[in-house]
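Structural features, examined
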Amino acid sequence: MMTSPEQGPALNIRPGWALPSAAYHDPAIYRKELTDIFHSGWLFAATSAQLANPGDTLTWTVGSESVVLARTTSGAVAAMHNTCRHRGCRITPDGTAQGRALVCPYHNWAYRLDGSFAGAPHMGDALTAELRSELGLVPVPVSEFAGLIFVCFSQSPPPIERAHDAITAHVGRYRAQATQITSVHHYEVDANWKVLVENNRECYHCSPNHPEFCLSNYELGMPGDSRTNQRYQEVVTRQRHRWSEQGLPVDDVSFPDGDFFRVARLPLKDGYLTESMSGQLVGPLLGDLASPDVGSIRIVTLPNSWIHVNADYVMATRLTPIDENTTHVDVTFQVRDGARAGIDYEIGDVEAVWVATSEQDWALCEKTHAGIRSAGYRPGPLSPVTEGSVVDFHIWWAHRLGIDAVGQSATTIGNEAVS
């Protein structure tokens, strides 16, 4: 299907097949993704441990939008647009900081940690008491639960209660909010954000590419992956029985009614208590867990995170799209609050599996993205055995871009609209 440059590209989406090249490389599609996905729904922004103390701030930019998160003196998290109310200057750069106020670097307008206006120099009689009460930073909807912080750049955010209830039920006893950061790894990946999500949503590639991950994890058991065997089923039955005896939830909650999240408790291989190289714990038990025999909790929130909560540590991955060809990734590791490095844990042991696995994935994603740009790229069929979750992700993505019937006809995306 031919279209003019003003219309944008035609997407010939075929259900059960890889997406066409334009879905990953066209700037018009990327702009629409920012508007309709990243700026409209809930995004994983940070863990509670990254804002552990009053005065801690974290700034994060996604496209044209930038948010400042701050732990206030009351202990709550406030979220504000990172835009000064004077002339719009960005107040803080991306990253973490600590302080008693937010001060714009341009003209020193100052704001309290909850975003309320604190003062400005050389304004004379312009700032009446009434006006001062109106000059606070514009709030961003925020929700903190189970040690995770989500933001939504829309002032009419979609419901988040189901995610809150399901994730809290699984993670509550781990007290993930009472953990401390051991390390954070930052990556710039030369690949579209969807390539990274697709890679995460299947384990078709795990056996030949992830020896560290496969030490403790089965390739089986992911949603959309129909592979199984009698031994694995026996392991699942046995471990679920033990989890139930501990009062732990065992049922998966997987993108209910097209929602943005999944949470599941999966078994680890015999002899493995956590996702570590040795199978032994690499830190103290989290929360009020009485036993390390709790499997591994997997949390996925589309479009930008996956989080593994083990008996002894938390690994959180956050994606930030930079442009249609680049994705920034932060991988954060956390252990029980108060644990002592070199005594209660070794940083290298905590991060070994997921640093290796992540970096293997980024290399695969970059190779895939490069191949998709080639004139020789032709979308191929996805495996009905192992890639059902990739198909589901494509449906989720298409629906949010306004494509109601994936594959029924070519769809043109351009000028910020779907026709």
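Residues numbered from 1 in each chain as written. Predicted model: local features only at pLDDT ≥ 70, side-chain atom pairs only at ≥ 80, totals over all residues. Heavy atoms only, no water.

**Comments concerning the pattern of salt bridges**
Oppositely charged side chains are able to pair whenever their charged atoms sit close together. Definition in use: Definition used for salt bridges: Asp or Glu carboxyl oxygen within 4 Å of a side-chain nitrogen of Lys or Arg. Helix numbers and strand numbers start at the N terminus; a helix is a DSSP run of H or I with at least 4 residues, a strand a run of E with at least 2. With a 1.4 Å probe rolled over the protein chains alone, any residue whose accessible area is under 20% of its type maximum counts as buried; one over 50% counts as exposed, and the rest are partly exposed.
Per the counting criterion, the structure on display carries 16 salt bridges. Between D288 and R173 there is a salt bridge, with the nearest N and O atoms lying 3.6 Å from each other. Placement of the pair is D288 in the loop between β14 (261-266) and β15 (296-301) and R173 in the loop between α4 (161-171) and β12 (179-189), with a sequence separation of 115 residues. On the accessibility criterion, R173 (27% relative accessible area) is partly exposed. A salt bridge links D252 to R240, with the shortest nitrogen-to-oxygen separation between them at 3.8 Å. Note that D252 is positioned in the loop between α8 (230-245) and β13 (253-254) and R240 in helix α8, a separation of twelve residues in sequence. Judged by relative accessible area, D252 falls into the partly exposed class, the value being 33%. Connected via shared salt-bridge partners are R162, D257 and D259.

**Focus: the nonpolar core**
Which entries qualify depends on this criterion: The term nonpolar core refers to a set of buried residues drawn from Ala, Val, Leu, Ile, Met, Phe, Trp, Tyr and Cys, joined through side-chain atoms within 4.5 Å.
Counting residues in hydrophobic clusters, the biggest one holds 98 residues, and the most contacted among them are L69, I167, V171, L196, I299 and W397. Looking at this core, the element that brings in the most residues is helix α9 (residues 347-372), giving seven residues. Ranked by size, the runner-up nonpolar core spans 15 residues in total, among them V68, I91, W109 and L113.

**Looking at helix α2 (residues 27-38)**
Stated formally: Whenever a nitrogen or oxygen atom comes within 3.5 Å of another N or O atom, the pair is scored as a polar contact, on the condition that within protein one atom can donate a hydrogen and the other can accept it, and that pairs from neighbouring residues in sequence are kept only if both atoms are in side chains.
If you check which residues of α2 are buried, you get A28, I29, Y30, K32, E33, L34, I37 and F38. For α2, the capping residue at the N-terminal end is D26, with a side-chain oxygen 2.8 Å from the backbone nitrogen of A28.

**Examining the packing of aromatic side chains**
Geometrically, a pair of aromatic rings is defined through the distance of the ring centres and the angle of the planes. We count it as follows: Classification of ring pairs rests on two measures: the distance between centres of Phe, Tyr or Trp rings, Trp counted by its six-membered ring, which must be within 6.5 Å, and the angle between planes, read as stacked under 30 degrees, edge-to-face over 60 and tilted in between.
For the structure on display, the rule yields 13 aromatic pairs. For the pair F38 and W193, a centre-to-centre distance of 4.9 Å together with 85° between the ring planes defines the contact as edge-to-face. You can see F38 sitting in helix α2 and its partner W193 sitting in helix α5 (residues 193-200), a full 155 residues away along the chain. According to the relative accessible area criterion, W193 is buried, its value standing at 1%. On the basis of an interplanar angle of 70° and a centroid distance of 6.0 Å, the ring pair of F260 and F261 is categorised as edge-to-face. Residue F260 shares its accessibility class with F261, and that shared class is buried.

**With respect to the side chain of T357**
As a reminder of what qualifies: Every residue pair with non-hydrogen atoms within 4.5 Å of one another is taken to be in contact.
Position of T357 relative to the elements: it lies in helix α9. Those residues in contact with T357, other than ones at most four positions away along the chain, are H210 and F213.

**Here's the deal with the confidence of the model for the protein**
Where we set the bar: By definition, pLDDT measures how confident the predictor is in each residue, and it falls between 0 and 100.
In the predicted model, the protein carries a mean pLDDT of 93, and the fraction of residues at 70 or more is 94%. Here residues 1-8 is modelled with pLDDT under 50, and outside its nearest four sequence neighbours on either side it reaches 16 contacts, counting other chains as well. In this model, residues 405-419 is a region of pLDDT below 50 whose contacts with residues beyond four sequence positions or in other chains number 49 contacts.

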